[in-house]
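A closer look at the structure
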Amino acid sequence: MSLLNPSTARRLLHRRALDVQVYARDDGLYEVEATLSDTKTRDVPMAGGTRHAGEPIHDMLLQLVVDTELTIHEAGSQTRWMPYPGACDQHDDAYARLVGLNLLKGFRLGVKERLAGTRGCTHLTELCQILPTAVIQAFAGLVIDTREGDSSGQPPFQLDKCHALRRDGAVVRTHYPRWYRDGQAASAAGAATLPAASSS
């Protein structure tokens, strides 16, 4: 892998920062706090007046309460800095609509159905997209068994989700030997799931 060589004649214009923190509660539930902030390196005239360099253009907080199955029990949001004060934050707590969704099962589609377009805020809805993998990272090895898989005999969730952890690869052969499948076996299994060719 290679990186681009940054130009020596460049200047920072904009920074977007995303942060996700997950907390364990004493009642067995978990709190998720996700923030998105945008700042610029120059003064910017905005509807509410000049936003000075370094002051947030956006600063938004999304909060969830989830269980060990990653189902959302509570959800809410707060917009602390915004381009249009008194308008950007007037979405009637739309993000409470996340309650009932599961971060592992159809979450991104559910977000789209409930919050796309004018039903929510572009940036808070975008922030939702990073939540599944962030919460899984928090749960890995603690709530989710990353070595042996689940009780139904399914492999650990992370296998076959990226290039390094493909089940016919060297990493799985070395670190997850129980779940390793050689390339021929994987190809045969895949072919077995394909529908039969039509005779017409």
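Fair warning: this is a prediction, and the values are worked out from it, not measured in the lab. (Residues numbered from 1 in each chain as written. Predicted model: local features only at pLDDT ≥ 70, side-chain atom pairs only at ≥ 80, totals over all residues. Heavy atoms only, no water.)

A separate point is the overall build of the protein. Within the protein, the regular secondary structure consists of five helices and six strands. Taken from the N to the C terminus, the helices and strands of the protein come in the order β-β-β-β-β-β-α-α-α-α-α. Counting every position in the protein, which comprises 200 residues, the buried fraction comes to 31%. Long-range pairs, those at least 24 residues apart, make up 46% of the contacts in the protein between residues at least 6 apart in sequence. By element, 52% of the accessible surface of the protein is carried by carbon and sulfur atoms, the whole surface being about 12,800 Å². (Helix = DSSP H or I, 4+ residues; strand = E, 2+ residues; numbered from the N terminus. Buried < 20%, exposed > 50% of the residue type's maximum accessible area, 1.4 Å probe, protein only. Contact = heavy atoms within 4.5 Å. Areas by Shrake-Rupley, 256 points an atom, 1.4 Å probe, with all protein chains shown as cover.)

Do not read the predicted coordinates in detail wherever pLDDT is low. Across the protein, the average pLDDT comes to 88, with 90% of residues at or above 70. Of all secondary-structure elements in the protein, the lowest mean pLDDT belongs to helix H5 (residues 183–192), at 54, while strand E2 (residues 30–40) reaches the highest, 98. Note on residues 193–200: pLDDT is under 50 here. Beyond four places in sequence and across chains, it has zero contacts. (pLDDT = per-residue confidence, 0-100.)

For the rest of this paragraph, the subject is the sheet that holds strand E1 (residues 14–24). Spatial strand order, E1-E2-E5-E6: four strands in an open sheet with antiparallel pairing. A strand with exactly one partner marks an edge of an open sheet, and here the two such strands are E1 and strand E6 (72–81). On average, each strand axis in the sheet is inclined to that of its neighbour by 10 degrees, with strand direction left out of account. Alignment of strand E5 (residues 56–66) against E6, held across eight bridges, turns out to be antiparallel. Pairing of Val 66 across the sheet is with Ile 72, part of E6. (Pairing = 2+ DSSP bridges. Axes fitted to C-alpha atoms, helices over the stretch in contact; angles between N-to-C directions.)

As a further point, take the pairing of E1. In the sheet, E1 pairs with E2 via 11 bridges, with the strands oriented antiparallel. Bridge pairing links Leu 18 to Leu 36 in E2. Linkage of E1 to E2, two consecutive antiparallel strands, is achieved through a turn of five residues, within which Gly 28 is found at a positive phi near 90 degrees.

Owing to its 3.6 residues per turn, the α-helix aligns residues three or four sequence positions apart on the same side. Taken as a whole, helix H1 (residues 107–115) has its buried residues at Phe 107, Gly 110, Val 111 and Leu 115. Taken end-on, H1 shows its buried residues confined to a sector of 100 degrees, consistent with a single buried face. Turned more than 90 degrees away from the buried face of H1, the exposed residues are Leu 109, Lys 112 and Glu 113. Elements that come into contact with the buried residues of H1 comprise E6, helix H2 (122–128) and helix H3 (131–139). (Arc of directions from axis to C-beta.)

Within the structure shown, the criterion is met by six salt bridges. Measuring nitrogen to oxygen at the nearest pair gives 2.8 Å for the salt bridge that ties Arg 16 to Asp 38. Highlighted residues: Arg 16 in strand E1 and Asp 38 in strand E2, separated in sequence by 22 residues. A relative accessible area of 33% means that Arg 16 is categorised as partly exposed. (Salt bridge = Lys/Arg side-chain N within 4 Å of Asp/Glu carboxyl O.)

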